[in-house]
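# Remarks on the overall topology
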Amino acid sequence: AQSVAQPEDQVNVAEGNPLTVKCTYSVSGNPYLFWYVQYPNRGLQFLLKYITGDNLVKGSYGFEAEFNKSQTSFHLKKPSALVSDSALYFCAVRDEGSSNTGKLIFGQGTTLQVKP
Amino acid sequence: NAGVTQTPKFRILKIGQSMTLQCTQDMNHNYMYWYRQDPGMGLKLIYYSVGAGITDKGEVPNGYNVSRSTTEDFPLRLELAAPSQTSVYFCASTRQGGSAKNIQYFGAGTRLSVL
């Protein structure tokens, strides 16, 4: 069965340091992968996606993600964290049986805490 | 520039009451979705729609109903509210094709408490 896992409930990093938020997936075909961010009391906002092509995907707010097919991972990264990056981050994969419905399967979310 | 609009933002219901959560989008998206978000559980799909007049169940549909009479609107109905339906509800939409395909756009959410 297809699934998405975010192994860390929380990631803590100091401002200015690089950050990584981990995501692994399980699908039988080629994955469509997404990262979203949720700030307190707000809806989810799209950060970036991987469909095909270059394994390093660049997105909004200086974030990027690296697709690794052999490790079935799609980790979110940023070279230098900001306090304002503190939020809840969701990884998602397109439901394989849903090419005509756009349904996504979301991970449980990782809270990123950036300390000054 | 509205995007996806949800009303109300907050609501407290008594057990057994009913209510409708409103969702409207102005992006002419065919696909719309309702999720619930519980702490530490991520987002669970309740219902979705691929166009006006077409709806289908998601992962957790029990206790909910939807309708889609227009492209813009996708209301979610709770008929007999139960404490287990205390959650934050999000509506989302996406387009069928193009470069933005499968990118879901979310409303700000409705925080519902059933007491």
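Residues numbered from 1 in each chain as written. Chains lettered and ligands numbered in written order. Predicted model: local features only at pLDDT ≥ 70, side-chain atom pairs only at ≥ 80, totals over all residues. Heavy atoms only, no water.

### What to know about the layout of surface pockets
Put simply, the test is: Here a cavity means grid points, on a 1 Å grid over the protein atoms only, where a 1.4 Å probe fits yet cannot get out; a pocket means an open set of points with protein on both sides within 12 Å along at least five of seven lines; lining residues are those with an atom within 4 Å of a point. Grid points are joined across faces, edges and corners, and a volume is the space filled by probe spheres set on the points. Here a helix means four or more residues in a row that DSSP labels H or I, a strand means two or more in a row labelled E, and each is numbered from the N terminus. Side-chain classes follow a simple rule in which Ala, Val, Leu, Ile, Met, Phe, Trp, Tyr, Cys and Pro form the nonpolar group, Asp, Glu, Lys and Arg form the charged group, and the remainder, Gly included, forms the polar group.
Volume-wise, the largest pocket comes out at about 500 Å³. Listing elements by their share of the lining of the largest pocket, those giving two or more residues are β10 (87–94) and β12 (110–115) of chain A together with β9 (87–94) and β11 (110–114) of chain B. Of the residues contributing to the lining of the largest pocket, the split by class is 11 nonpolar, 11 polar and 5 charged. The calculated volume of the second largest pocket comes to roughly 280 Å³. In terms of lining, the second largest pocket is formed by 16 residues, of which the most central are B:A2, B:V4, B:F106, B:G107 and B:A108. Only β6 (44–50) of chain A together with β1 (4–7) and β10 (105–106) of chain B provide two or more residues apiece to the lining of the second largest pocket. Across the lining of the second largest pocket, the residue classes tally to 7 nonpolar, 7 polar and 2 charged.

### Quick word on the pairing of β9(B)
All names here are of chain B. This is how the line gets drawn: For every residue, the accessible area (1.4 Å probe, protein chains only) is compared with the maximum for its type, and the residue is labelled buried under 20%, exposed over 50%, or partly exposed between those bounds. Whether two strands pair depends on DSSP finding at least two bridges between them.
Summarising burial for β9: 8 of the 8 residues are buried, a large majority. Burial of β9 is two-sided: the residues S87, Y89, C91 and S93 facing one way and the residues V88, F90, A92 and T94 facing the other way are all buried. The pairing of β9 with β11 spans 3 bridges and is classified as antiparallel. The residue bridging S87 from the neighbouring strand is L112, located in β11.

### Quick word on the state of the cysteines
Residue and element names in this part refer to chain A. Applicable threshold: Cysteine sulfur atoms that pair up within 2.5 Å are treated as a disulfide.
Applying the stated criterion across every chain, the model contains 2 disulfides over all chains. Between the sulfur of C23 and that of C91 lies a disulfide, 2.0 Å long from S to S. Where C23 bonds to C91 through sulfur, the torsion about that S-S bond is close to -65°, and the disulfide is left-handed. Taken as a pair, C23 in the loop between β3 (19–21) and β4 (24–26) and C91 in strand β10 lie far apart in primary sequence, 68 residues in all. For the pair C23 and C91, a shared accessibility class is recorded, and that class is buried.

### Here we look at the nonpolar core
Residues and elements named next belong to chain A. This is how the line gets drawn: For the purposes of this section, nonpolar cores are sets of buried Ala, Val, Leu, Ile, Met, Phe, Trp, Tyr and Cys residues that join through side-chain atoms within 4.5 Å. The contact rule is simple, with two residues in contact once any of their heavy atoms fall within 4.5 Å.
One finds W35, L47, L48, F74, L76 and Y89 to be the most contacted residues of the largest nonpolar core, which totals 28 residues. Secondary-structure elements contributing two or more residues to this core are β2 (10–14), β3, β5 (33–38), β6, β8 (64–68), β9 (73–78), β10 and β12. Among the elements that make up this core, the one with the highest residue count is β10 (4 residues). L47 has contacts with W35, Y36, V37, G59, S60, Y61, F63, L76 and Y89, leaving out every residue within four places of it along the chain.

### Details of the interface of chain B and chain A
Formally: Defined here as a combined quantity, buried area equals the accessible surface (1.4 Å probe) lost by two parts on assembly, summed across both. By salt bridge we mean one thing: a side-chain nitrogen of Lys or Arg within 4 Å of a carboxyl oxygen of Asp or Glu. Throughout this description, a polar contact denotes any pair of N or O atoms lying within 3.5 Å of each other; where both atoms belong to protein, one of them has to be capable of donating a hydrogen while the other can accept it, and for residues adjacent in sequence the pair is counted only when both atoms sit in side chains.
Across the contact, 22 residues belong to chain B and 22 residues belong to chain A. In total, about 1,700 Å² of surface goes out of reach between chain B and chain A, with carbon and sulfur atoms giving 55% of it. Linking chain B to chain A there are 0 salt bridges. Where chain B touches chain A, the interface holds 7 residue pairs in polar contact (both at pLDDT 80 or more). For the side of chain B that touches chain A, the secondary-structure elements that each account for two or more residues are β4 (31–37) and β5 (43–51) of chain B. Here the residues of the side of chain B that touches chain A are counted per class, giving 13 nonpolar, 7 polar and 2 charged.

### Focus on the pairing of strand β3 (residues 19–25) of chain B
Residue and element names in this part refer to chain B. Across the two faces of β3 the burial differs, with M19, L21, C23 and Q25 buried and T20, Q22 and T24 not buried at all. As defined by bridge partners, β3 adjoins strand β8 (residues 76–78) across 3 bridges and the pair is classed as antiparallel. Bridged to T20 within β8 is R77.

Shape descriptors only; they carry no functional weight alone.
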